[in-house]
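Residues per chain are reported as follows:
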Amino acid sequence: MNEKLKFPIHLRDALIVLGLAIIMLILGAFYDYDLSLALYVNASDFGRWFGIIFSGIAELPGYTALFIGGFALIISSIKANKTRKIISYIVGILAMIAAFVLSNSTFWNIYEFAETESSKWLIILLGAFFITAIDGLLAVGLAYYMRNKKEKSEQLFRLAVTIITIVAIELALQTIFKYLASRPRPRYIFSVSIDESTSLFRPFYDWQPFYAFKAEVGDNFKSFPSGHTTTAMVTAFALPLFVGFFVDLKQKPALNITLFYLGFLYAVAMGFSRICCGAHFLSDISAGIILATVIGFASIVVIKIIFEKLDTKHIRKQN
């Protein structure tokens, strides 16, 4: 076990992002309603279509990371012991299937706004082809790279475990919080008169636990936090982890920091696209960034500690 999981994110950078997201959350407590009124209700056609199209595809990097994580788990365990191989194959295949299904579901945001039945099917087919092509090319590229890099199998295994853990916990917690908060979405609030919308609006800290379970409310009460933004923020952790597998980021600290903040900016862009299409408030996207940052950083720390303890135990057994 000579290849260890490289630690790609500095605590300083994670705290800076958390600080910025908390500031956005506080601003949302005062300006959620007005900002959504400006960016959604009073938006131009271009603004709305930007929100629909960008938010329809911008989760893909997070789900692509999950797919490659599942594939990496499998190919890194080919020569492992029987128990680890079986578990890795099962988890890896499930991760790849989940990633493919979730990736295709992201096109629903565009699909539901298509005007004709033929254009809807075209979106679905193009989306499936695009996702299959990207995931397939990345998987083939990784397999080709690993053919003469067997010594890096352990590092790839740890990378895969980390990515799958981050995405799985992120998906689970964002779903739980959505049902706990049961906050109405802006597009539902603004679908009625202005007077009625002000009474329907609730600040992010005013939760109505499990109201979203009621069948008649549908998807209208799942605003907090923004799931799209949370998944997009996974990119801030996946990029340094994946690039760090091929490049020694300790020798290129500027690249490491740049990748992390590019992922953060990508999540912010995703968040504002969700405001533009009436799916979320500013505080929703802020909470998504906070949730993903805490999950991402904590997962990397905990997994690194676990593997280091396993390494120590393995060395003691050898001695």
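Summary of the structure given here. (Residues numbered from 1 in each chain as written. Predicted model: local features only at pLDDT ≥ 70, side-chain atom pairs only at ≥ 80, totals over all residues. Heavy atoms only, no water.)

**What about the packing of aromatic side chains?**
Part 1: Tallied over the full model, the rule gives 18 aromatic pairs.
Part 2: On the basis of an interplanar angle of 15 degrees and a centroid distance of 4.3 Å, the ring pair of Tyr-179 and Phe-213 is categorised as stacked. Taken together, the positions of Tyr-179 in helix H7 (residues 153-181) and Phe-213 in the loop between helix H9 (194-200) and helix H10 (227-233) put the pair 34 residues apart, joining distant regions of the chain.
Part 3: Overall, Phe-213 belongs to the exposed group, its relative accessible area being 54%.
Part 4: A ring pair is formed by Phe-201 and Phe-281, whose centres lie 5.3 Å apart and whose planes are at 75 degrees; its orientation type is edge-to-face. Placement of Phe-201 in the loop between H9 and H10 and of Phe-281 in the loop between helix H12 (253-276) and helix H13 (282-318) is noted, with a sequence separation of 80 residues between them.
Part 5: Three or more aromatic residues joined by ring pairs form one cluster here, namely Phe-177, Phe-204, Tyr-205, Trp-207 and Phe-224.
Part 6: Its end group placed over the ring of Phe-157, Arg-84 keeps NZ or CZ at 3.6 Å from the ring centre.
Part 7: Above the plane of the ring of Tyr-145 lies Lys-149, whose end atom (NZ or CZ) is 4.9 Å from the centre. (Phe/Tyr/Trp six-rings, centres within 6.5 Å; stacked < 30°, edge-to-face > 60°. Helix = DSSP H or I, 4+ residues; strand = E, 2+ residues; numbered from the N terminus. Buried < 20%, exposed > 50% of the residue type's maximum accessible area, 1.4 Å probe, protein only. Lys NZ or Arg CZ within 6 Å of the ring centre and 35° of its normal.)

**A word on H12**
Part 1: Compared with the 34 Å implied by 1.5 Å per residue over 24 residues, the 35 Å span of H12 between its first and last C-alpha is a close match.
Part 2: Phi for Gly-278, located one or two positions after H12, is positive at around 75 degrees. (Expected span 1.5 Å × (residues − 1).)

**Describing the side chain of Ser-153**
Part 1: Following the sequence through the fold, Ser-153 ends up in helix H7.
Part 2: Leaving out residues up to four positions away in the same chain, Ser-153 has contacts with Ser-76 and Met-146. (Contact = heavy atoms within 4.5 Å.)

**Notes on the pattern of salt bridges**
Part 1: Taken as a whole, this structure holds eight salt bridges when the rule is applied.
Part 2: Ionic pairing is found between Asp-284 and Arg-183, a salt bridge with its closest N-O pair at 2.8 Å. One end of the pair, Asp-284, is in helix H13; the other, Arg-183, is in the loop between H7 and helix H8 (186-189), with 101 residues separating them in the sequence. For the pair Asp-284 and Arg-183, a shared accessibility class is recorded, and that class is buried.
Part 3: Taking the shortest distance from any N to any O, the salt bridge between Arg-187 and Asp-219 comes out at 3.8 Å. Taken together, the residues span a long stretch of sequence, with Arg-187 in helix H8 and Asp-219 in the loop between H9 and H10 at a distance of 32 residues.
Part 4: Where salt bridges share partners, they join Asp-32, Arg-183 and Asp-284 into one cluster. (Salt bridge = Lys/Arg side-chain N within 4 Å of Asp/Glu carboxyl O.)

**A look at the state of the cysteines**
Where two cysteines share a covalent bond between their sulfur atoms, that bond is called a disulfide.
Part 1: Evaluation of the coordinates by the stated rule reveals zero disulfides.
Part 2: Left without a disulfide partner, Cys-276 is nearest to the cysteine sulfur of Cys-277, which lies 7.5 Å away. (Disulfide = S-S within 2.5 Å.)

**Here we look at the packing of helix H1 (residues 11-41) against H12**
Part 1: It is at 11 Å that the axes of H1 and H12 come closest, and there the two elements cross at 15 degrees. Of the possible angle classes, the one that applies to H1 and H12 is roughly parallel. Relative to H12, the crossing made by H1 is right-handed. Along the contact surface, H1 presents Arg-12, Asp-13, Ala-14, Ile-16, Val-17, Leu-20, Leu-35, Ser-36, Leu-39 and Tyr-40, while H12 presents Ile-257, Phe-260, Tyr-261, Phe-264, Phe-272, Ile-275 and Cys-276.
Part 2: For the contact of H1 with H12, the residue count by class is 14 nonpolar, one polar and two charged. (Axes fitted to C-alpha atoms, helices over the stretch in contact; angles between N-to-C directions. Parallel < 35°, antiparallel > 145°, perpendicular 65-115°, else oblique. Left-handed = near helix turned anticlockwise from the far one by under 90°. Nonpolar A, V, L, I, M, F, W, Y, C, P; charged D, E, K, R; others polar.)

**Side note on unusual backbone geometry**
Part 1: Note the cis peptide between Phe-224 and Pro-225, where omega equals -5 degrees.
Part 2: Locating Pro-225 in the fold gives a position in the loop between H9 and H10.
Part 3: Even without glycine at this site, Ser-182 takes up a positive phi of about 45 degrees.
Part 4: One non-glycine residue with positive phi stands out, namely Phe-210, at about 70 degrees.

**A closer look at the nonpolar core**
Part 1: Grouped together as the largest cluster of nonpolar side chains are 62 residues, with contacts concentrated most on Leu-142, Leu-156, Ile-163, Met-233, Phe-237, Phe-260 and Ile-289.
Part 2: Setting aside residues no more than four positions away along its own chain, Leu-156 makes contact with Ala-72, Ile-75, Ser-76, Leu-142, Met-146 and Phe-245. (Core = buried A, V, L, I, M, F, W, Y, C linked by side-chain atoms within 4.5 Å.)

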